[in-house]
Amino acid sequence: MRHVVLDRWSRGLSAVHRRDPRAKIVALLVFLVVLATAHQALPFLALALLLMLSAALWWARLPVMGALARAAIVLPFTAVFAVVSWISGDPQRGLALVIKAYLSALAVLLVVATTPLPSLLGALETAGVPRFLLEVIQFLYRYLFVISEEAHHMTQAAASRGASGPAWSRLRFRAAAGALAVLFIRSYERAQNIHRAMLARGFQGSFGPFESPGLRPADAAFALAGALLPVALRLVVEGAVR
Amino acid sequence: MTPLIEARGLKFCYEDGTNALNGVDFHLDSGETVALLGPNGSGKTTFVLHLNGLLAGDGFLRICGMPLKPENFPAIRRKLGIVFQDSDNQLFMPTVLEDVAFGLLNRGIDRELALARARKALETVALAGAASRAPYHLSAGEKKRAAIAGIIVTEPEILILDEPTANLDPPGQSSLAQLIAHLPQAKIIVTHDIPFARALCRRAVFFQNGRVSEEGTLDEVVSRCRWDATFEQSKLPG
Amino acid sequence: MSTPVWAALDAAAAPAVAGIARRAQRGFDPARVPLLGVMGAFVFAAQLINFPVGVGTSGHLVGGALLSMTLGPAAASVAMTAILAIQALVFQDGGVLALGANVINMAILGVWAGYLPFALWGNTRRRKLAIFAGGALSVAVSAVLALSELLLSGVRVPAGALVISLVLFLASALLEGAITLAVLQGLERIQPRLVRQPRAGWSPALGLLAIAAVLLASVGVLFASQAPDGIERLTRQAAAVPGVWLDQAGAGLAGLALVYGACLLFGRLARRRSA
């Protein structure tokens, strides 16, 4: 499953992985703003930023081609917009949207692939996101694979009984609804069992703090460099074009 | 010596009216390992859930001499640990180490100390290398051992295992039996696996329709209740 | 060019989400965290179960209305927000910048719009219709709002594409209504306690008025957004936006963010069309 790959990537040990997630988020936000507000010489800036991200991926000891491919998930849908813009007489805007969408996805991927989810959530907590929500996200992530596997087994069982294929059938619709109802109940009961296990182990109302390592000079340096680099690249590219 | 667990006439009814327990008498002494046998739906797991207050029924029930009142729950849950059937429902923290330390951290133990004790518990179950891994990356056998680590780390006096060999392959089952045999706690093992029970338990208790219908040594109970799944080749069709 | 819509939405989303989370927290204790997390995972996994709708197409559950009718609207909002966050972060599905817009459209307004018919008529003879309407309304409102925000940011969509989009939205809304109803009926057969009991129905007139208000509001935004110049003049006067740079920043960010939001939306719809 895709998120298993991402989980594996996020547990690496490179210098990028070891940076405080808050530093990475700051650099990411600056990158996104610089990219989003750019409108001059976009292809050149895009190339420069792409090289910058690829270098960061390499520094993080992640598979560069794999990451580039994974970020391309956004392409099919943004392509629709490119077409729509082209039809309404503004092809440049369409191209700009596609470029910006891809590079933004790649930048987010870089941060997520170098930060285990609990650390990322911890950084978000210091940014003021309610703890309750973050704990729900953490639990969702933990049980995503488990429940999806159950759903997968159900579809496999149904398929081997001849229920595959998209042909309209009221019976199939109701069978799918029945499967969903069963999955709902099993998930609900699982949640009850988790709650019992929590109580049995002395749950006092909190799941403990998210990890938040202290900020070190290396983190500040990273944030600064990560923020200044895209700005510098943009100034250079725009200056050269003018 | 007072038994660790003492139950007399324990009754319980679910919200929808089904009778789950119909007067259970049970006791567990220090150092014992007892097998809980019986058909599905006979009340074994329901009974187990009463022992630490997750369910509340009528009748006499004492854990280490304490009655099951809410003010006693924290102390009782410290003395009695349950390893549930589905390990996924028990390993809910992001990493194995954090999960094992959960019980300690909830008791207010210093974080560094808790993590150190959690690491030791993982060594006991031979999972020291899995400390920083996410639970869903583990195999079924590893998950079971991680779950056990999370329970023994708080050093309970009583350990209850609900169908521990479910989903384990034969090598997994035998290494689990080895591990459990070396744990010092008094134990209750709910199981359908008679060879597994034989390796660990001398006494057994047979549940039927929400009551204990037979009691004695494991072999006595198994033969009286004809609870052995032997397949005589000649009697099978084809 | 156009207003920094996304920034406003993100800014509005933050206190809205905080408010909802606090409310959910007051209503339930932290012990509810596993339930919301696991049911969020359920909605994700539910995408794997296909509902056939015709030759070559099948769809899947979106889930906001179903969650609201079983867990309650506040809990459903928190669960849907968690789902959107995981989609953006882990699956790169719908950009991070658009998270605010998506949360408002789908997790907050969509969920509550979906709950409204159920809350009003869930206890009456028209129960099945109420459930169906809830499912349909949750998707319709989310979709229309997303489209409106897109138009508000100045992305020009030709009339033909607009019509196609609206037709797609209608189809998705009807499908969600059907799935929500079917699943809820399945639940009631097996474990009726899981479905919430809405309070005694309001007067039908008041209810219809409330729903009409929701519909008008959504459609109203859609039409208003067709005239970006008017809105722009209004907001310029209101906010006294300083200088060209902020405009361009707003335009760029808005455009990008809303592409993501719309991608998420159209992505869901496109997945419905794949067998």
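This one's a predicted model, so the numbers in the text were calculated from it and none came from an experiment.

### Concerning the overall build of chain C
Within chain C, the regular secondary structure consists of ten helices and two strands. For chain C, the sequential pattern of α-helices and β-strands runs α-α-β-β-α-α-α-α-α-α-α-α. Counting across all 275 residues of chain C, residues that qualify as buried make up 56%. In chain C, the proportion of contacts linking residues at least 24 apart, taken out of those at least 6 apart, comes to 80%.

### Quick notes on the overall build of chain B
Looking only at helices and strands, chain B has eight helices and ten strands in total. Rg of the C-alpha trace for chain B: 18 Å, near the compact-globule value of 18 Å for 238 residues, within the 12% margin. Based on the C-alpha atoms only, the size of chain B along its principal axes is roughly 55 × 50 × 40 Å. Put simply, of all contacts in chain B between residues at least 6 apart along the chain, 63% involve residues at least 24 apart.

### Brief notes about the sheet that holds strand β10 (residues 211-217) of chain B
Residue and element names in this part refer to chain B. Taken in spatial order, the six strands of this open sheet run β6-β7-β8-β3-β9-β10, and their pairing is mixed. Looking at which strands have only one partner, the edges of the open sheet turn out to be β6 (80-83) and β10. Between one strand and the next, the sheet's axes are offset by a mean angle of 20 degrees, whatever the strand orientation. Bridge count between strand β7 (residues 158-162) and strand β8 (residues 186-190): five bridges; the pairing is parallel. By the bridge assignment for β8, L159 is matched with K187.

### Description of helix α5 (residues 64-71) of chain A
Residues and elements named next belong to chain A. Those residues of α5 not exposed but buried are A67, R70 and A71. Projected onto a plane normal to the axis of α5, the buried residues spread over an arc of 95 degrees and lie on a single side. Turned more than 90 degrees off the buried face of α5, the exposed positions are M65 and A69. Tucked inside the fold, the buried residues of α5 contact α4 (42-59) and α7 (91-113).

### Things to note about the interface of chain C and chain A
Between chain C and chain A, the contact holds 72 residues from the first and 70 residues from the second. Looking at the side of chain C that touches chain A, the elements with two or more residues in it are α1 (5-27), α2 (33-46), β1 (51-54), β2 (57-59), α4 (73-90), α7 (159-190) and α10 (243-273) of chain C. When residues of the side of chain C that touches chain A are assigned to their parent elements, the largest contribution, 13 residues, is made by α2(C). In terms of residue class, the side of chain C that touches chain A is built from 52 nonpolar, 17 polar and three charged.

### Topic: the packing of helix α3 (residues 21-36) of chain A against α7(A)
All names here are of chain A. Two elements in contact, α3 and α7, have axes separated by 10 Å at closest approach and are oriented at 175 degrees. The pairing of α3 with α7 is recorded here as roughly antiparallel in orientation. Residues K24, I25, L28, F31, L32, L35 and A36 of α3 form the contact with α7, whose own contacting residues are K100, L103, S104, A107, V108 and V111. Looking at the contact of α3 with α7, its residues break down into ten nonpolar, one polar and two charged.

### Considerations on the nonpolar core
Counting residues in hydrophobic clusters, the biggest one holds 230 residues, and the most contacted among them are A:V136, A:L140, A:L180 and C:A79. For this core, the element with the highest residue contribution is helix α5 (residues 99-121) of chain C, accounting for 17 residues. Two domains each put at least three residues into this core: domain 1 (2-124 + 212-241) and domain 2 (130-200) of chain A. In contact with C:A79, other than residues within four places in its own chain, are A:V136, C:L36, C:M39, C:G40, C:L67 and C:L71.

### Topic: unusual backbone geometry
All names here are of chain B. Phi is positive for A126, close to 60 degrees, though the residue is something other than glycine. Position of A126 among the secondary structure elements: in the loop between α4 (111-124) and α5 (140-152). The phi dihedral of N167 falls on the positive side, at around 70 degrees, and the residue is not glycine.

### Considering the pairing of strand β3 (residues 33-37) of chain B
Residue and element names in this part refer to chain B. Of all five residues that make up β3, five are buried, and the element is covered over most of its length. Neither face of β3 is open: one carries T33, A35 and L37, the other V34 and L36, and all of them are buried. Sheet topology note: the β3/β8 ladder contains four bridges and is parallel. Note that in β8 the partner of T33 across the bridge is K187. Here β3 runs beside strand β9 (residues 203-208); their pairing, made up of four bridges, is parallel.

### Here's the deal with the sheet that holds strand β2 (residues 19-28) of chain B
Residue and element names in this part refer to chain B. What the four strands build is an open sheet, ordered β2-β1-β4-β5; its pairing is antiparallel. Strands with a single pairing partner mark the edges of an open sheet, and in this sheet they are β2 and β5 (66-67). Two elements, strand β1 (residues 5-13) and strand β4 (residues 58-63), share five bridges in a ladder whose sense is antiparallel. Pairing of E6 across the sheet is with R62, part of β4.

### Looking at the confidence of the model for chain C
All names here are of chain C. Of all residues in chain C, 59% attain a pLDDT of 70 or more, and the chain-wide mean is 73. The model gives residues 228-257 a pLDDT under 50, and that stretch makes 56 contacts with residues more than four places away or in other chains. Here residues 269-275 is a poorly scored stretch, pLDDT under 50, and it has eleven contacts once near neighbours within four places are set aside; other chains count. Interface confidence in the predicted complex, given as ipTM, is 0.89; pTM for the same model is 0.85.

### Observations concerning the packing of α5(A) against α7(A)
All names here are of chain A. One way to put it is that α5 packs onto α7 with a least axis distance of 9 Å and a crossing angle of 125 degrees. When the axes of α5 and α7 are compared, the pair comes out oblique. As for how α5 packs across α7, the hand of that crossing is right-handed. Between α5 and α7, the residues in contact are A67, L68, R70 and A71 and Y102, A105, L106, L109 and A113, respectively. Considering only residue class, the contact of α5 with α7 consists of eight nonpolar, no polar and one charged.

### What to know about the environment of A:A221
Following the sequence through the fold, A:A221 ends up in helix α11 (residues 217-241). Along the primary structure A:A221 and A:R19 are separated by 202 residues, whereas in three dimensions their C-alpha atoms are 9.9 Å apart.

### A word on the environment of B:G141
Residues and elements named next belong to chain B. In this fold, G141 is placed in helix α5. Using a count of 19 C-beta atoms within 10 Å as the deciding quantity, one classes G141 as partly exposed. Distance in space between the C-alpha atoms of G141 and A116 is 23 Å, their sequence separation being 25 residues. The residues touching G141, leaving out its near neighbours within four places in the chain, are L168 and G172.

### Let's talk about the environment of B:D29
Residues and elements named next belong to chain B. Looking at where D29 falls in the secondary structure, it is placed in the loop between β2 and β3. Given 14 C-beta atoms within 10 Å, D29 falls into the partly exposed group. Note: C-alpha distance between D29 and F196 (167 residues apart in sequence) is 21 Å. In this structure D29 touches P3 and L4, once residues within four positions along its chain are discounted.

### Digging into the pairing of β2(B)
Residues and elements named next belong to chain B. Relative to β2, β1 is paired through seven bridges, and the arrangement is antiparallel. Bridge pairing in β2 places K11 opposite N22. Counting the residues that bridge the hairpin from β1 to β2 gives five residues, and of these G17 lies at a positive phi of roughly 100 degrees.

Rules used throughout
- Residues numbered from 1 in each chain as written.
- Chains lettered and ligands numbered in written order.
- Predicted model: local features only at pLDDT ≥ 70, side-chain atom pairs only at ≥ 80, totals over all residues.
- Helix = DSSP H or I, 4+ residues; strand = E, 2+ residues; numbered from the N terminus.
- Buried ≥ 20, exposed ≤ 12 C-beta atoms within 10 Å, placed from the backbone.
- Contact = placed C-beta atoms within 7 Å.
- Rg over C-alpha atoms; globule rule 2.2 N^0.38 Å.
- Pairing = 2+ DSSP bridges.
- Axes fitted to C-alpha atoms, helices over the stretch in contact; angles between N-to-C directions.
- Arc of directions from axis to C-beta.
- Nonpolar A, V, L, I, M, F, W, Y, C, P; charged D, E, K, R; others polar.
- Parallel < 35°, antiparallel > 145°, perpendicular 65-115°, else oblique.
- Core = buried A, V, L, I, M, F, W, Y, C linked by C-beta atoms within 7 Å.
- Domains from an automatic or database assignment.
- pLDDT = per-residue confidence, 0-100.
- Left-handed = near helix turned anticlockwise from the far one by under 90°.

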